[in-house]
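Descriptive analysis of the structure
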Amino acid sequence: QVGLQESGPGLVKSSETLSLTCTVSGGSVTGDSFYWSWSRQPPGKGLEWIGYFYASGSTNYNPSLKSRVTISGETSKNQFSLTLTSVTAADTAMYYCAKGDAPHILDVWGQGTTVTVSS
Amino acid sequence: QSVLTQPPSVSAAPGQKVTISCSESSSNSGNNYISWYQQLPGTAPKLLIYDNNRRPSGIPDRFSGSKSGTSATLGITGVQTGDEADYYCGTWDSSLSFVVFGGGTKLTVL
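Below, the structure is looked at part by part. Only a predicted model underlies this, so the values are computations on that prediction, with no experimental measurement involved.

Comments concerning the sheet that holds strand 1 (residues 3–5) of chain B
Residues and elements named next belong to chain B.
- The strand order 1-3-7-6 describes an open sheet built from four strands, whose pairing is antiparallel. Bordering the open sheet on either side are strand 1 and strand 6 (63–68), each of which pairs with just one other strand. Going across the sheet, the axis of each strand differs from the next one's by a mean of 20°, ignoring polarity.
- Pairing geometry for strand 1 and strand 3 (residues 18–25), over three bridges, is antiparallel. Among the inter-strand pairings, Thr5 is bridged to a residue of strand 3, identified as Ser23.

Right, dumping it as structure tokens:
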């Protein structure tokens, strides 16, 4: 049974870079053919998909965030990470990592981590 | 680009049946597979339905999904107070290659 746990700073300054990590247990980021994904949810709002990293190394991102987002996998630590540059208050949200057999079939989610962008 | 439209809220009495709609608008309408997620207050989303009507193991058969053309529906029979949650539909937009979520529907059990 795969487990996911997000980690990273809860507070990021405006214009700086947000970096989060998702640690995978019970599975392999590069060995298993899953889509390792990030989504976010601003306070009181709906879900927004950010992107995925696939075991082969391929990635795909939300077009609205593509210029600022990088998702990558780290085999040695069995983690995958999210980097979001030039953050603004609009990036304040709960960030979730998830995995799935397809990008839109996310069957395991982490508990989420709150990120606040301060000015 | 796919857009998924859901009603903001629905309500039902305990024991009743409720349906939540998800209307698809895109050039690929009708060909996309829909997933449904349940998000209980303060928790992460949980996959309820995938490929329009398939349930992951462990999901009760009170939850069902269907799709006809550009409209998908999540059905919940025998509604319980524990079903109070936000429900989201989602799909893969093959034209732009990204995941789209609907705006979410809040289920209130009266």
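Side note on the pattern of salt bridges
Residue and element names in this part refer to chain A.
- In this structure the tally under the stated criterion is six salt bridges over all chains.
- Across the pair Arg40 and Glu48 runs a salt bridge whose closest N-O atoms are separated by 2.7 Å.
- Looking at Glu48, the relative accessible area reads 24%, which means it is partly exposed.
- The partner of Asp107 in a salt bridge is Lys99, and the shortest N-O contact between them spans 3.3 Å.
- The exposure class of Lys99 is buried, given its relative accessible area of 6%.
- Ionic contacts of the salt-bridge type, sharing partners, join the residues Arg40, Glu48, Arg68 and Asp91 into one network.

Let's talk about the packing of aromatic side chains
- Summed over the entire model, instances satisfying the criterion amount to 11 aromatic pairs over all chains.
- Ring centres 5.7 Å apart and planes at 75° place the aromatic pair A:Trp109 and B:Tyr37 in the edge-to-face group. Taken together, the positions of A:Trp109 in strand 10 (residues 105–109) and B:Tyr37 in strand 4 (residues 34–39) put the pair across two chains.
- Taking the relative accessible area as the measure of exposure, B:Tyr37 reaches 0% and is therefore buried.
- Three or more aromatic residues joined by ring pairs form one cluster here, namely A:Tyr35, A:Trp49, A:Tyr52, A:Tyr54 and B:Trp92.
- Looking at A:Lys99, its charged tip hangs above the ring of A:Phe34, at a distance of 3.8 Å from the centre.

Examining the state of the cysteines
- Tallied over the full model, the rule gives two disulfides over all chains.
- Note that A:Cys22 is cross-linked by a disulfide to A:Cys97, the S-S spacing being 2.1 Å. Across the S-S bond linking A:Cys22 and A:Cys97, the dihedral sits near 60°, which makes this disulfide right-handed. Here A:Cys22 is found in strand 3 (residues 18–25), whereas its partner A:Cys97 is found in strand 9 (residues 93–102), with 75 residues between them in sequence.
- Note on A:Cys97: relative accessible area 0%, which makes it buried.
- Sulfur-sulfur distance for the disulfide between B:Cys22 and B:Cys89 comes to 2.1 Å. Linking B:Cys22 and B:Cys89, the disulfide has an S-S dihedral of approximately 80° and is accordingly described as right-handed. Separated by 67 residues along the polypeptide, B:Cys22 in strand 3 and B:Cys89 in strand 8 (residues 85–93) bring together distant segments of the chain.
- In this structure B:Cys22 comes out as buried when scored by relative accessible area, which is 2%.

Let's talk about the sheet that holds strand 8 (residues 79–84) of chain A
Residues and elements named next belong to chain A.
- The strand order 1-3-8-7 describes an open sheet built from four strands, whose pairing is antiparallel. Edge strands, defined here as strands with exactly one partner in the open sheet, are strand 1 (3–7) and strand 7 (69–74). Neighbour to neighbour, the strand axes of the sheet diverge by 20° on average, direction disregarded.

Side note on the nonpolar core
- Grouped together as the largest cluster of nonpolar side chains are 42 residues, with contacts concentrated most on A:Trp109, B:Trp36, B:Leu48, B:Leu74, B:Ile76 and B:Tyr87.
- For this core, the leading source of residues is strand 8 of chain B, giving five residues.
- Those residues in contact with B:Leu74 that lie beyond four places of it in its chain are B:Val18, B:Thr19, B:Ile20, B:Trp36, B:Leu48, B:Ile49, B:Ser64 and B:Tyr87.
- Residues A:Leu20, A:Phe34, A:Leu82 and A:Val87 belong to the second largest nonpolar core, which totals 27 residues.

Details of the interface of chain B and chain A
- At the junction of the two partners, chain B supplies 19 residues and chain A supplies 20 residues.
- Together chain B and chain A conceal approximately 1,600 Å² of surface at their shared face, both sides included; 68% is due to carbon and sulfur atoms.
- For the chain B face of the interface with chain A, the top three residues by lost area are B:Trp92, B:Val99 and B:Phe101, together amounting to 31%.
- There are zero salt bridges connecting chain B and chain A.
- At the boundary of chain B and chain A, one finds seven residue pairs in polar contact (both at pLDDT 80 or more).
- Sorting the residues of the side of chain B that touches chain A by element identifies strand 4, strand 8 and strand 9 (98–101) of chain B as the ones contributing at least two each.
- Ranked by residue count, the leading element in the side of chain B that touches chain A is strand 8 of chain B, at four residues.

Scoring rules and cut-offs
- Residues numbered from 1 in each chain as written.
- Chains lettered and ligands numbered in written order.
- Predicted model: local features only at pLDDT ≥ 70, side-chain atom pairs only at ≥ 80, totals over all residues.
- Heavy atoms only, no water.
- Pairing = 2+ DSSP bridges.
- Helix = DSSP H or I, 4+ residues; strand = E, 2+ residues; numbered from the N terminus.
- Axes fitted to C-alpha atoms, helices over the stretch in contact; angles between N-to-C directions.
- Salt bridge = Lys/Arg side-chain N within 4 Å of Asp/Glu carboxyl O.
- Buried < 20%, exposed > 50% of the residue type's maximum accessible area, 1.4 Å probe, protein only.
- Phe/Tyr/Trp six-rings, centres within 6.5 Å; stacked < 30°, edge-to-face > 60°.
- Lys NZ or Arg CZ within 6 Å of the ring centre and 35° of its normal.
- Disulfide = S-S within 2.5 Å.
- Core = buried A, V, L, I, M, F, W, Y, C linked by side-chain atoms within 4.5 Å.
- Contact = heavy atoms within 4.5 Å.
- Buried area = accessible area lost by both parts, 1.4 Å probe.
- Polar contact = N/O pair within 3.5 Å; in protein donor to acceptor, adjacent residues only side chain to side chain.

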